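Per-entry structural report
Listed below are the residues making up each chain.
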Amino acid sequence: MTAQPPSAQRPPESAPPPDAPRYLTGFGNHLASEAVPGALPPRQNGPREVPFGLYAEQINGTGFTVHRAHNLRTWLYRLRPQVSAQPFVAIDGPPRFVGRFGPDVGVASPEPQRYRPAPLPGEGVDLLAGVQTFAGAGDPAVKRGVAFHLFAATADMTRVFCNIDGDLLIAPHQGTLQVQTELGWLHVAPTELALIPRGLRFRVLLPDGRAQGFMAELFDGHFQLPERGPVGANGLADERHFKAPVAWYEDRATPTDVVVKQGGRFWQTTLSHSPFDVVAWHGRYVPFKYDLRDFNSFGSVSWDHPDPSLLTVLTSPMDTHGRNAVDVAAFVGRWDVTEDTFRPPFFHRNAAVEFNMVLQSPTQGGAYPTGAFSFTPYLTPHGVSARGYEAAVHNPAAVENRPVRGSDRSVWLQFESTYALAVMPWFFDARDSDFLAGFSGFSVGALGQGPARDPHDAP
Ligand code: FE2
């Protein structure tokens, strides 16, 4: 005979989300949480009889035998098993949520692109329905590739989503997301990121009635903190600023639709109950949130503009050192103190694509208001506009070598990938047609005037 949770500790059938959820901290930590004291088996993972008659279940995000430091798994203790008595039925997913990429999918143009903020949809669009893929490469079936998406939603999710294909990084720029996961709640506001490991079931509520933002989907590996190298033991993103949920459960015996994305296709089954019935859990395979304003930026304190890898928040390394499926970089308020330096990013061609997103802008005018974004394809030349170049060269602060403080109200996010992503036509065809005009009118270097010169010509 197993003990049952005291009735006073049983939640009502449909408990509202907590106003201010509590969190556990520490990226990569082995965490443990129980909504009811005594629900977590104190020693074994799979005792013959689990406390309170709960069901034990393991979810693992890595192979059983990977290096211990990389092993990710979590044990869940729940009211009911998650095996469904109903079949999975193939359904039409959101028409612009693309799951597999190949030579015939998207536009692999080498043109640098800038985009205005995307519009909000009409009423009744939940976050899953509101996903539109921006660009992608690879195939989740062979665990290679990445996709960048936008989302725009005006309704709570009543269904539950489970992405088998990849880990999701979700970054809103408008509206708070109340993310209900099997392990508990994450409330994610603009300037914050949510990390949802693949296979974990979740839904998103919109306390503000609407939300918009960006997503990265990683088909292989998991997001991890970058090595600090010569930076040392401190700085950049700190483990303790990453927050994981605490256990929270509901006993809701109403049919619940679960949509699963697997191999780029969408499937649906109906559970007889809420999947958010985990009373206790422990492990390292957990969702997190992180506020980009907690990022400890580094930069040059002498001369020259450093590469943006110095501002990496999270990464996902591939097989070759330095090649990453996704690097996530943050551009937040910080000082520029460089001397005798062209202070904006220098002209460059990058052996990676760059997807830049404005999560928060000090102004709503100009070319980069909140929600705007840009994409630079692989090895395509890019840099500041002709006007921006002249302004930077003659900027009085730069001429006088005065320190300049970037605004704390400016928060940009960058996804950089070694994959040569192709852009979906519904975005590419809507790119900002004014963007390229800014790159005309550069003055010519002084030696460029007059006829061509050859070094062997007599002076
Ligand atoms: Fe760049």
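The coordinates are above.
In this numbering scheme, every chain counts its residues from 1 along its sequence in written order. Only residues with pLDDT of at least 70 get local features here, since the model is predicted, and only at 80 or more are side-chain atom pairs given and counted; chain-wide, interface and lining totals rely on the full set of residues. Only hydrogens and water are set aside; all other atoms, that is, all heavy atoms of the structure, feed into the side-chain values.

1. Brief notes about the pattern of salt bridges
Note on definitions: salt bridges are taken to be side-chain nitrogens of Lys or Arg within 4 Å of carboxyl oxygens of Asp or Glu. All chains considered together, the criterion is met by 21 salt bridges. For Asp336, the salt bridge is made with Arg343, and the minimal N-O distance between the two is 3.8 Å. Relative accessibility decides the category of a residue: with a 1.4 Å probe and only protein chains considered, values under 20% of the type maximum give buried, values over 50% give exposed, and everything between is partly exposed. With a relative accessible area of 23%, Asp336 lands in the partly exposed category. Here Arg343 falls in the buried class, since its relative accessible area comes to 10%. Within the structure, one salt-bridge network assembled from shared partners comprises Glu57, Arg78, Glu182 and Asp277.

2. Some words on the nonpolar core
We call a set of buried residues a nonpolar core when its members are Ala, Val, Leu, Ile, Met, Phe, Trp, Tyr or Cys and they connect through side-chain atoms within 4.5 Å of each other. In terms of nonpolar packing, the biggest core is built from 61 residues, with Phe134, Leu169, Leu292, Leu314, Phe355 and Phe415 touching the most fellow members. Of the residues forming this core, the biggest block, six residues, is contributed by strand β22 (residues 324-331). Domain start and end points were adopted from an automatic or database domain assignment. In this structure, this core is formed jointly by two domains, domain 1 (16-292) and domain 2 (295-437), each of which donates at least three residues. Not counting the four nearest positions on each side in its chain, Leu169 is found in contact with Leu193, Ala194, Leu195, Phe214, Met215, Ala216, Phe223, Leu314, Val328 and Phe415. Counting 23 residues, the second largest nonpolar core, distinct from the first, contains Val131, Ala153, Leu168 and Phe202. Helical segments are the DSSP runs of H or I of at least four residues, strand segments are the runs of E of at least two, and each set is numbered from the N terminus. Note on definitions: a residue-residue contact is assigned when non-hydrogen atoms from the two residues lie within 4.5 Å.

3. Side note on the coordination of the iron ion
Metal sites are built from N, O and S donor atoms within 2.8 Å, or 3.2 Å for Na, K and Ca, and they leave out water, so they may look incomplete. For the iron ion, the full set of protein donor atoms is His348 (NE2), Glu354 (OE), Glu354 (OE) and His382 (NE2), at a range of 2.0 to 2.2 Å. Its four donor atoms give the iron ion angles of 61 to 166° at the centre, a pattern that matches the irregular case. Read from N- to C-terminus, the donor residues coordinating the iron ion fall into the pattern H-x5-E-x27-H. A residue pair is termed long-range when its members are at least 10 positions apart, and Glu354 in strand β24 (residues 353-360) and His382 in the loop between β25 (373-376) and α1 (386-394) qualify at 28 residues. Taken individually, Glu354 and His382 each receive the classification buried, so the pair is uniform in this respect. Key to geometry: four donors with every angle between 85 and 135 degrees are tetrahedral; four donors are square planar and six octahedral where opposite donors lie over 155 degrees apart and all remaining angles lie between 65 and 115; all other sites are irregular.

4. Some words on the sheet that holds strand β12 (residues 184-188)
At least two DSSP bridges between two strands are needed for those strands to be called paired. The seven strands lie next to each other as β5-β18-β17-β9-β14-β11-β12, forming an open sheet whose pairing is mixed. Two strands close off the open sheet at either side, each with one partner strand: β5 (89-91) and β12. Strand-to-strand twist of the sheet, defined as the mean angle between neighbouring strand axes without regard to direction, takes the value 30°. To define axes, lines are fitted to C-alpha atoms, for helices over the stretch in contact only, and angles between the resulting N-to-C directions are given on a 0 to 180 degree scale.

So far we have only geometry, and geometry alone does not tell us how the molecule works.
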